[in-house]
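# Geometric and topological summary
Okay, here's what each chain looks like letter by letter:
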Amino acid sequence: MDGDARAALDALIRERREDYASLSRLLGRNPAYIQQFIKRGVPKKLDEEDRRTLARYFGVAEALLGGREDEGEALISVPVLDVQASAGPGAFADDERARARMRFDPGWLRGLKLDPAQLSVIQVTGDSMSPTLNDGDDILVNLSDAAPALRDGIYVLRLDGALNVKRLIVDRARGRVSVKSDNPAYTSWPTLDLSRLDVIGRVVWAGRRLG
């Protein structure tokens, strides 16, 4: 079981392009802590609080990292699409095939009232949404939460043919929306007609590589 937890954690680190030292610092441990756990089996198992922190960070069940089984539920696999949402000048979505998959705790998804079939992960490029979202961040997008239920929040959208991630402030009574960049150095659109936007989905989670 401990060997399975080490292998699972190592696979998550490689899949998410993390590194041992950064995750060790996330736990408040010395930089070699995670590497020693995975490569040498020291400690034999993760401390309960460390396991909980890592499970929440990666969006997986604690059972995957050596905790107790949660009623036998399997992790939910969400496709990582081979597209990027620009948080800068705008990127085009030319290829939406899944290049990988991320696994999430089904209980966590239920708590957020998310339908796994309507979820995708894509990567942010640029820094116009910094500090909220940074270049290289992975974002979980709820594709079912789009135009009909549009409300204030961060969304992936196509604007003039370009795929972007932006903050929307909606004035539905007037059929208008403000499209904003969190980074004040970048352009915002204070008043646009809702018909100009092709909203892909709402951003509900973000993960990033540390340091």
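In this report, the structure presented in the accompanying data block is examined. Predicted model, so just to flag it, every value in this text is computed and none were measured. (Residues numbered from 1 in each chain as written. Predicted model: local features only at pLDDT ≥ 70, side-chain atom pairs only at ≥ 80, totals over all residues. Heavy atoms only, no water.)

What follows is about helix 3 (residues 33-40). Among the residues of helix 3, those classed as buried are Tyr33, Ile34, Phe37 and Ile38. For helix 3, the arc enclosing every buried residue in end-on projection is 120°, short of the 170-degree limit, so these residues lie on one face. Exposed side chains of helix 3 directed beyond 90 degrees from the buried face belong to Lys39 and Arg40. Positive backbone phi, approximately 70°, marks Gly41, located one or two places after helix 3. (Buried < 20%, exposed > 50% of the residue type's maximum accessible area, 1.4 Å probe, protein only. Helix = DSSP H or I, 4+ residues; strand = E, 2+ residues; numbered from the N terminus. Arc of directions from axis to C-beta.)

Here we take up the pattern of salt bridges. Per the stated rule, a full pass over the model turns up 13 salt bridges. The closest approach of N and O atoms between Glu62 and Arg52, which form a salt bridge, is 3.7 Å. In this pair, Glu62 sits in the loop between helix 4 (48-58) and strand 1 (76-86) while Arg52 sits in helix 4, placing the two residues 10 residues apart along the sequence. Judged by its relative accessible area of 26%, Glu62 is partly exposed. Measuring nitrogen to oxygen at the nearest pair gives 2.6 Å for the salt bridge that ties Asp171 to Arg174. A residue is classified by how much of its surface remains accessible, and Asp171, at 25% relative accessible area, is partly exposed. Taking relative accessible area as the criterion, Arg174 reaches 63% and is therefore assigned exposed. (Salt bridge = Lys/Arg side-chain N within 4 Å of Asp/Glu carboxyl O.)

The peptide bond linking Val42 to Pro43 adopts the cis configuration, its omega dihedral lying at 0°. In this model, Ser130 is joined to Pro131 through a cis peptide bond whose omega is 10°. Among the structural elements, Pro131 can be located in the loop between strand 3 (119-125) and strand 4 (138-142). Here the phi dihedral of Arg17 falls at roughly 60°; this positive angle occurs in a residue that is not glycine. Note on placement: Arg17 falls in the loop between helix 1 (2-16) and helix 2 (20-26). Positive phi, close to 55°, is recorded for Lys113, a residue that is not glycine.

Looking at where Asn30 falls in the secondary structure, it is placed in the loop between helix 2 and helix 3. Within the structure, the side chain of Asn30 is placed 2.9 Å from the backbone nitrogen of Ala32, a separation counted as a polar contact. (Polar contact = N/O pair within 3.5 Å; in protein donor to acceptor, adjacent residues only side chain to side chain.)

As a further point, take the packing of aromatic side chains. This structure, assessed with the given rule, holds 3 aromatic pairs. Measuring from ring centre to ring centre gives 5.8 Å for Phe104 and Trp108, while their planes differ by 10°; the resulting arrangement is stacked. For Phe104, a relative accessible area of 0% gives the class buried. Plain terms: the ring middles of Phe104 and Trp205 are 5.4 Å apart, the flat faces sit at 90° to each other, and that makes the pair edge-to-face. Remark: Trp205 occurs in strand 9 (residues 197-207) and Phe104 occurs in strand 2 (residues 98-104); sequence separation between them is 101 residues. Three or more aromatic residues joined by ring pairs make a cluster, and in this case those are Phe104, Trp108 and Trp205. (Phe/Tyr/Trp six-rings, centres within 6.5 Å; stacked < 30°, edge-to-face > 60°.)

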